[in-house]
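Report on the structure
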Amino acid sequence: MMPAALKKQMTPVVQDGFVIKRAVFQPCLELYPMSQWNKMMEKLNGLNRFNRKHNDFIRRFTAGVKTVEVDANGRLLIPKDLITFAGITKEVTVSSAVNILEIWDKQKYEAAIDDSLDDFADLAEEVMGNDTIDLLS
């Protein structure tokens, strides 16, 4: 069941449906609004299918991809194979990841967040603090 607040925020994209897939780096699922998935497919279409690495990437990135919709009761029906991949047992955490949603088993999400707390300051500095623009000039 989608939380009411989330369902309300997603109203503009619900009618177009979603794509759900295995995450690349984490044991979770990624839920793409169809418009975001189409943008991702445009990027993949730019890869050379005759390049072995590109071809392998496309195959692995799209493995297990399914289209899904939110039903009239606000439920998102996640296919069993993807539930198994993400190790979802009972409780689920839905986390925003900029333009997509991540769907996690609650315990795995909390463990992933706890494990990364020590490194987050370093990561934030590396990713966001790498400005080459001198703000004083």
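Residues numbered from 1 in each chain as written. Predicted model: local features only at pLDDT ≥ 70, side-chain atom pairs only at ≥ 80, totals over all residues. Heavy atoms only, no water.

The chain goes by Transcriptional regulator MraZ in an unreviewed UniProt entry, where it is assigned to Nonlabens xylanidelens. You can read under Subunit (unreviewed entry) in the UniProt record for the chain the words "Forms oligomers." Recorded under Sequence similarities (unreviewed entry), the UniProt text for the chain is reproduced unchanged: "Belongs to the MraZ family." (UniProt positions renumbered as here; feature names shortened; annotations may be inferred.)

Focus: unusual backbone geometry
Peptide bonds are trans in most cases, and residues, glycine excluded, mostly fall at negative phi. For V98, which is not a glycine, the phi torsion comes out positive at approximately 65°. Inspection of the secondary structure assignment puts V98 in the loop between β4 (92-97) and β5 (100-105). (Helix = DSSP H or I, 4+ residues; strand = E, 2+ residues; numbered from the N terminus.)

Some remarks on the sheet that holds strand β2 (residues 29-33)
Reading across from one edge, β3-β1-β2-β5-β4 is the order of the five strands in this open sheet, with antiparallel pairing throughout. Edge positions in the open sheet fall to β3 (66-68) and β4, since each of these has one partner strand only. Across the sheet, the mean angle separating the axes of adjacent strands is 30° when strand polarity is ignored. When β2 meets β5, the two strands line up antiparallel, connected through three bridges. Paired with E30 across the bridge in β5 is E102. Packed onto the sheet, helix α3 (residues 34-45) meets β1 (18-22), β2 and β3 and runs at close to 100° relative to β2. (Pairing = 2+ DSSP bridges. Axes fitted to C-alpha atoms, helices over the stretch in contact; angles between N-to-C directions. Contact = heavy atoms within 4.5 Å.)

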